[in-house]
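# Examination of the molecular architecture
Each chain is listed here by its residues.
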Amino acid sequence: MATASSLLSEDMLLCSICLDVFTKPVTTPCGHNFCSACIHTYWDGIDTCQCPLCKREFPQRPEHQVNTVMSELAAEFKTLFQVKASTPDPQLPGTADVLCDICSEMKENAVKSCLTCLMSFCRAHLEPHQRVARLKGHALFEPVKNFDHRMCKTHDKTTELYCRTDRAFVCVSCLKTDHKSHNVVPLEEEYEAAMAKRDKAMAKIQKMTQSRYEKIAEVERSVDLSQTEAEKEKEASVQVFTDLIRSLQRSQAELVEVIEERHGAAKRKAEDLIRELRVEVAELESRSVQLEQLSQSKDHHYVLQSFPTLCPPSYANRANIGVRSDPAFEAARGAVTLLKQRVDEIMEELPEIKMKRMREHAVDLTFDPDTAHCSLVISPDGKQVRDADTKQNLPNNPKRFEECPEVLAKEGFTAGKFYYEVQVKGNTEWLVGVVRESVDRKVIEDLTVRNGYWIIGLYEGKYITYTSPNVKLKLKEKLQNVGVFVDYNKGEVSFFDVNSKSCIYSFTGYHFREKLFPYFSFQNNKDGAPLIITPVPQTQ
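Since this is a predicted model, take the numbers as computed values, not measurements.

On to unusual backbone geometry, then. The backbone of E460 shows a phi angle near 55°, a positive value even though the residue is not glycine. Its place among the elements puts E460 in the loop between β14 (453-459) and β15 (462-465). The exposed category is assigned to E460, whose relative accessible area is 58%. A positive phi is found at K501, a non-glycine position, where the angle reads about 60°. By the element assignment, K501 lies in the loop between β18 (492-497) and β19 (502-507).

This part takes up the pairing of strand β17 (residues 481-487). Summarising burial for β17: 7 of the 7 residues are buried, a large majority. Covered by surrounding structure in β17 are N481, G483, F485 and D487 together with V482, V484 and V486, the residues of both alternating faces. Examined bridge by bridge, β17 and β18 share 6 bridges and lie antiparallel to one another. Across the sheet, the residue bridging to G483 is F496, located in β18. Taken together, β17 and the strand that follows it, β18, pair antiparallel across an intervening segment of 4 residues, in which G491 is found at a positive phi of about 75°.

Attention shifts here to the sheet that holds β14. In a beta sheet, neighbouring strands are held together by backbone hydrogen bonds and run either parallel or antiparallel to one another. Across the sheet, which stays open at both edges, the 6 strands sit in the order β11-β20-β13-β14-β15-β16 with antiparallel pairing between neighbours. In this open sheet, the two strands that pair with only one neighbour each are β11 (406-408) and β16 (471-472).

Right, let's talk about the nonpolar core for a bit. Ranked by size, the top nonpolar core spans 36 residues in total, and within it W430, V482, V493 and F520 carry the most contacts. Secondary structure elements with two or more residues in this core: β12 (417-423), β13 (430-436), β14, β17, β18, β19, β20 (516-521) and β21 (531-534). Apart from residues no more than four positions distant in its own chain, V482 is found in contact with Y420, E421, V422, V424, W430, V432, F495, F496 and V498. Counting residues in each nonpolar core, the second largest holds 30 residues, with L13, V21, C114 and L135 among its members.

This paragraph deals with the pattern of salt bridges. Pairs may arise between side chains of opposite charge once their charged atoms sit close together. Within this structure, the stated rule accounts for 16 salt bridges. We note a salt bridge from E231 to K234, for which the minimum N-O separation is 3.7 Å. Taken together, the residues E231 and K234, both in helix α7 (residues 198-294) and 3 residues apart, mark about one turn of the helix. On the basis of relative accessibility, which here comes to 35%, the residue E231 falls in the partly exposed class. Linking R287 and E283 is a salt bridge whose minimum nitrogen-to-oxygen distance equals 3.2 Å. You can see R287 and its partner E283 sitting in helix α7, 4 residues apart, about one turn around the helix. A relative accessible area of 32% means that E283 is categorised as partly exposed. Among the charged side chains, a network of salt bridges with common partners joins R164, E189 and E190.

Below, the discussion takes up the sheet that holds strand β3 (residues 112-114). Here 3 strands make up an open sheet; going across it, the order is β4-β3-β5 and the pairing antiparallel. The outermost strands of the open sheet, each flanked by one partner alone, are β4 (119-121) and β5 (140-141). Sheet topology places β3 next to β4; 3 bridges connect them, and they run antiparallel. Its bridge partner lying in β4, K112 is registered against F121. Packing against the sheet, helix α4 (residues 123-131) makes contact with β3, β4 and β5, and its axis sits at approximately 110° to β4.

Its place among the elements puts L161 in strand β6 (residues 161-163). With 23 residues separating them in the primary sequence, L161 and V184 have C-alpha atoms 6.6 Å apart. Beyond its immediate stretch of four places on either side in the chain, L161 contacts A168, F169, V170, C171, V172, L175, V184, V185, P186 and L187.

Cut-offs used in this document
Residues numbered from 1 in each chain as written. Predicted model: local features only at pLDDT ≥ 70, side-chain atom pairs only at ≥ 80, totals over all residues. Heavy atoms only, no water. Helix = DSSP H or I, 4+ residues; strand = E, 2+ residues; numbered from the N terminus. Buried < 20%, exposed > 50% of the residue type's maximum accessible area, 1.4 Å probe, protein only. Pairing = 2+ DSSP bridges. Core = buried A, V, L, I, M, F, W, Y, C linked by side-chain atoms within 4.5 Å. Contact = heavy atoms within 4.5 Å. Salt bridge = Lys/Arg side-chain N within 4 Å of Asp/Glu carboxyl O. Axes fitted to C-alpha atoms, helices over the stretch in contact; angles between N-to-C directions.

Everything listed is a geometric property; what it means functionally is a separate question.
Here it is in structure tokens:
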């Protein structure tokens, strides 16, 4: 009697689902055989009950019995052709979490993926691909987590070609449609072309890597040098300011000493003069009494003889007593004042110090709903405002802007200095600054200084000042946060890029006579991003 190996080929005893020799084979009504576990797992994963091979649909899931003849042949075939497991191949990083698609219960990690079957296999289920002739030609690769990116989304086929024109992976059907006249080659050909460029690319990468290592070393040396230079600058600056402070303190002490010495001398002189005057007063009072007594005498001879000795004596003129203002004192004070002003000016040329000193005048602002245009929505905390792009039914208010999406802060100022910051990030068009209290809120007017507006803004992608004429601002970076500093007494309004701490623009030389209010507007903003009054960091 012939053996199983002589009657049947290996292909006839393979389950078309798991691609392994049958285990408990069952037969469908259409006559095809599958492993019992494989066909049930297959049907559990689909909506309709059909044959995996011929796609014939069954009205209900068939009741299966194990095909004993096929089961015996498969068992004898396994006995005759038992294959020992080979030594495990090292697994590449990142493939350990790819599981076998065939394992039904405890899934093993896949060792290979088949791009023909579009499935991943563990070592046991990969064995047919290493043994069966028709499976050996399949393309095996390291485990692939997801086959979707290898499938053509238009035709649901494997992308076996590469379009050099569009630099895209395509399938055979794509050649008849979108890529008909394009330069399309097999993946293998493009792979070989890529590999031919590999050495050049590797050399370029290595060169770029070396260049960056050199740059890193250069930057590190620069940091070290910068540290050294910073220490020298700090030491020199501290020494200069220490010497200046000592000199000023010495000059102050000397000036105070001179003033006190002069005052002491004047005081002593005054005391001497007072004593002399008191003596003279006593003498004069004595003569006054004697003259009064003399006036009572009728002795003409005695009166004429005594009268000359009782007349007012002639005293020397007394010089003015006191510490008179010395021009040298005023000159010293003026020189120190000028020195302080000059040092402050130089120090404020450093943007960090300028920003720190301005922030000392930070004010806490909130948006004023009584002034807000009817399309504006203010947050409950009063710190954010956005353009809802729809008009709300709001009560009439003489302070409300009626034509454009504008709003003021509740807080106004009539003296001194104040500073605030506003986030403009995400807005395509905006305005910020300060305005006079008397600006017309019921009509559209030119937003110029002449009409009481000291503002800057973003309009049609350009940063501009609303002067006459407007000035286009050239900024290196897109503004995210704007700082506004006002010196009411000096008539100045300045704008700063908070992130870079640099001055954007300054209005100078004005004479403010009204209360000034922080001002905000969206113009034709369509993106809905809010303007936000942000808290100003506290200075140390």
